[in-house]
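# What the coordinates show
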Amino acid sequence: MQPIRETTGAGEDLSHLYDEMEAGYYDRAFHRGRGVQWFWQLHRLRLVHESLPPGATRVIDVGCGPGTFLGNFLGPETSGLGVDLARPQIEYAQRRYGRAGLEFRQGDVTRFEHEKPFDVAVSIEVIEHLPRERTGDFLATLARLVRPGGTVILVTPNYASAWPLTEWLISKMGPVDYLAQHINPFTKRRLVQEVTDAGLAVEKCRTFFIGAPFVAAVSAPVAERLVAWESALLPGLGSELLLVARKPPSEP
């Protein structure tokens, strides 16, 4: 498959932002075992894994990056396919995680054809990178990829939280410019509406992470306790959104 050249509504080419990212950057952060990035990755991917429906045996990760989710959270009995525009990330994923039943492909998922639908389509922090006018097409693609009754799981930043400040600080101080990459901001209300408009039934939409990942820089055990506290007492203020939706059991 040939990759598309992703653009903003003004026609600016954004594809270089992803091709230039160091291959495996986020995967190495996940395996570091300490620090803010590790904690953020670990808990975000754990929440996605916990949201997989029982009995799911075929999973596609759309915008899989270096393959961290599929490579670390799928058992050998589950087959997975990771798709991403960035060739360096796919090549890294193939080297590190490729195995029988676990495949990675570089290309545009909106042009993707597969002989058999998936039980689950996962997309972790991808939709915010798309031009706003492409949101509907992207969600329709995820719905098309899963079987009737299948599940779609999305994670994206929550712009009705402190995330915009966090994004600004990371972009100014770190190696990733989220201000340039995140061109399609979501709130809980907008995400639910867009997913519903795509013909999917939203089962849950929750937020997670307020301060816990930053506490992990000092103490991982304290950060673990804080995650549970934040979820129980401040369920709507988290910096990220996790949405789980179901495709209707039968096509109209």
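Residues numbered from 1 in each chain as written. Predicted model: local features only at pLDDT ≥ 70, side-chain atom pairs only at ≥ 80, totals over all residues. Heavy atoms only, no water.

Turning our attention to the confidence of the model for the chain. The share of residues in the chain with pLDDT of 70 or more is 90%, and the mean pLDDT across the chain is 88. Here helix α1 (residues 16-19) stands out as the element of the chain with the lowest mean pLDDT, 51, in contrast to helix α9 (residues 188-197), whose mean of 98 is the highest. Scored below 50 in pLDDT, residues 1-17 shows 40 contacts in the model against residues more than four places distant or in partner chains. (pLDDT = per-residue confidence, 0-100. Helix = DSSP H or I, 4+ residues; strand = E, 2+ residues; numbered from the N terminus. Contact = heavy atoms within 4.5 Å.)

With that settled, the discussion passes to the sheet that holds strand β1 (residues 58-62). One open sheet accounts for seven strands, arranged β3-β2-β1-β4-β5-β7-β6; its pairing is mixed. A single partner strand is all that each edge strand has here, and the edge strands are β3 (102-106) and β6 (201-208). Neighbour to neighbour, the strand axes of the sheet diverge by 15 degrees on average, direction disregarded. In this sheet, β3 lies alongside strand β2 (residues 79-84) in parallel orientation, the contact comprising five bridges. By the bridge assignment, Val83 is partnered in β3 with Arg105. Running over the sheet, helix α5 (residues 87-97) touches β2 and β3 and is turned about 165 degrees from β3. (Pairing = 2+ DSSP bridges. Axes fitted to C-alpha atoms, helices over the stretch in contact; angles between N-to-C directions.)

Let us look at unusual backbone geometry. Positive phi, normally seen in glycine, also occurs at Glu125, with a value near 55 degrees. As for its placement among the helices and strands, Glu125 is situated in the loop between β4 (118-124) and α6 (135-145). Of note in this structure, Phe209 is not a glycine but carries a positive phi near 75 degrees. Of note, Phe209 is situated in the loop between β6 and α10 (212-215). The exposure class of Phe209 is buried, given its relative accessible area of 4%. (Buried < 20%, exposed > 50% of the residue type's maximum accessible area, 1.4 Å probe, protein only.)

This brings us to the pattern of salt bridges. Under the definition given, this model contains eight salt bridges. Here Arg96 ties to Asp27 by a salt bridge, and the two come within 3.0 Å at their closest N and O atoms. A residue pair is termed long-range when its members are at least 10 positions apart, and Arg96 in helix α5 and Asp27 in helix α2 (residues 25-30) qualify at 69 residues. Between Arg190 and Glu194 there is a salt bridge, and its shortest N-O distance comes to 3.2 Å. Of this pair, Arg190 and Glu194 are both found in helix α9, four residues apart, which corresponds to roughly one turn of the helix. In this structure, a network of salt bridges that share partners links the residues Arg44, Glu125 and Glu240. (Salt bridge = Lys/Arg side-chain N within 4 Å of Asp/Glu carboxyl O.)

Here the focus is the packing of helix α3 (residues 35-50) against helix α11 (residues 220-233). The geometry of α3 relative to α11 is characterised by a closest axis approach of 12 Å and an angle of 40 degrees between their N-to-C directions. By the angle between their axes, α3 is oblique relative to α11. Relative to α11, α3 is oriented so that their crossing is right-handed. Between α3 and α11, the contacting residues are Trp38, Phe39, His43 and Arg46 on the first element and Ala220, Ala223, Glu224 and Val227 on the second. Among the residues making up the contact of α3 with α11, the classes are represented as five nonpolar, one polar and two charged. (Parallel < 35°, antiparallel > 145°, perpendicular 65-115°, else oblique. Left-handed = near helix turned anticlockwise from the far one by under 90°. Nonpolar A, V, L, I, M, F, W, Y, C, P; charged D, E, K, R; others polar.)

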